[in-house]
Amino acid sequence: QDAATSYPNVTFVSMTGDTAATSGLANFKNAFNATYESRYVSGVVGGLKLKELIDNGTLTKEKMPDAFVGDDIKVGYVGAYPYAEVVSGYTAFYLGVKSIVSNVVMDVTYTNSWYDPTAEGEAANSLVSDGCIIISQHADSTGAPSACEQLLNSGKTVYCVGYNVDMLSVAPTAALTSAQNDWSVYYTYAFGCIVKGEDIKTDWAAGYDQGAVMISALGKSCAEGTDAKVKEVEAALKDGSLNVFDCST
């Protein structure tokens, strides 16, 4: 904001920022994709895997008592910071899982860093040791998926959902998918405004309706029928018939 004040003829855009509207500065903008939508879809992918483990008898109270709190099944989330972007994301992921398996609870562990492979790996290990079956993340490294792959290879039942990066290179068996962004949608919009001499929106966000979010390729461990279900949910998000935060739940 200091820079925007000092250089009034320059437009400053804070990606994932949240104070432009209250700054009083016409040349300060915020932009972020509606990543919570792709997190919801990735939650659906995780929920389908969880359902498969239940249906095939792998996940039962008798075999895996630590995976349950009462009748609810544990999933885990490696968060970066207790910040609105992270909270909305893990809430959307949880709702996606819950749309498939209703009896789930989620533990969130914060690393207090956007990128710390060691801390993210340790957080995933801790969540799995507490009984979590599916691990997702709002952190930018391969730490958590790598840890999940090692645990799976050692005999633990655990699968993971990543963020930004396709995690199949580091977790070819454990990784199910990742929530992702396509920033070219915003760049095209912003530079188009400049070319046309129009003002860039103070707060910009776009999701599946504009192709700004998606999930990465589905891993080989995904449950049967995942691809078809993903297409169904994505279509509903695109046409507006599904709203992640509709408050009905």
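See the structure shown above.
Keep in mind that this is a model prediction, so the values were computed, not measured.

Chemist: I'd like a description of the pairing of strand β7 (residues 159–163), backed by residues and values.
Modeler: For β7, the buried fraction is high: 5 of the 5 residues fall into the buried class. In β7, alternate side chains face the same way, and those of Y159, V161 and Y163 on one face and C160 and G162 on the other are all buried. Sheet topology places strand β6 (residues 134–138) next to β7; 3 bridges connect them, and they run parallel. Its bridge partner lying in β7, S136 is registered against V161. As for the winding sense of the linkage, the β-α-β connection from β6 through helix α6 (residues 143–153) to β7 is right-handed. By the bridge criterion, 4 bridges tie β7 to strand β8 (residues 175–181) in an arrangement that is parallel. Looking across to β8, one finds that G162 is bridged to S178.

Chemist: Can you tell me about the layout of surface pockets, naming the residues and giving the values?
Modeler: There is about 260 Å³ of room inside the largest pocket. In terms of lining residues, the largest pocket is bounded by 18 residues, among which T16, F32, N33, E85 and S88 are the most central. Of all the secondary-structure elements, those providing two or more residues to the lining of the largest pocket are α3 (35–55) and α4 (84–98). If one sorts the elements of the lining of the largest pocket by residue count, α4 sits on top with 4 residues. For the lining of the largest pocket, a count of residues per class yields 8 nonpolar, 7 polar and 3 charged.

Chemist: Run through the pattern of salt bridges, naming residues and quoting values.
Modeler: Scanning all chains against the criterion turns up 6 salt bridges. For K61, the salt bridge identified is with D71, shortest N-O distance 2.7 Å. Here K61 is found in the loop between α3 and β3 (68–69), whereas its partner D71 is found in the loop between β3 and β4 (72–79), with 10 residues between them in sequence. Taking the relative accessible area as the measure of exposure, K61 reaches 38% and is therefore partly exposed. Residue D71 is classed as exposed on the basis of its relative accessible area, which comes to 56%. Two residues, D227 and K231, come together in a salt bridge whose shortest N-O distance is 3.2 Å. In this pair, D227 and K231 are both assigned in helix α8 (residues 226–239), 4 residues apart and thus about one turn of the helix distant.

Parameters and conventions
Residues numbered from 1 in each chain as written. Predicted model: local features only at pLDDT ≥ 70, side-chain atom pairs only at ≥ 80, totals over all residues. Heavy atoms only, no water. Buried < 20%, exposed > 50% of the residue type's maximum accessible area, 1.4 Å probe, protein only. Helix = DSSP H or I, 4+ residues; strand = E, 2+ residues; numbered from the N terminus. Pairing = 2+ DSSP bridges. Right-handed = clockwise from strand over helix to strand, strands pointing away. 1 Å grid on protein atoms, 1.4 Å probe; cavity = no way out; pocket = protein on both sides within 12 Å on 5 of 7 lines; lining within 4 Å. Points joined across faces, edges and corners; volume = space filled by probe spheres on them. Nonpolar A, V, L, I, M, F, W, Y, C, P; charged D, E, K, R; others polar. Salt bridge = Lys/Arg side-chain N within 4 Å of Asp/Glu carboxyl O.

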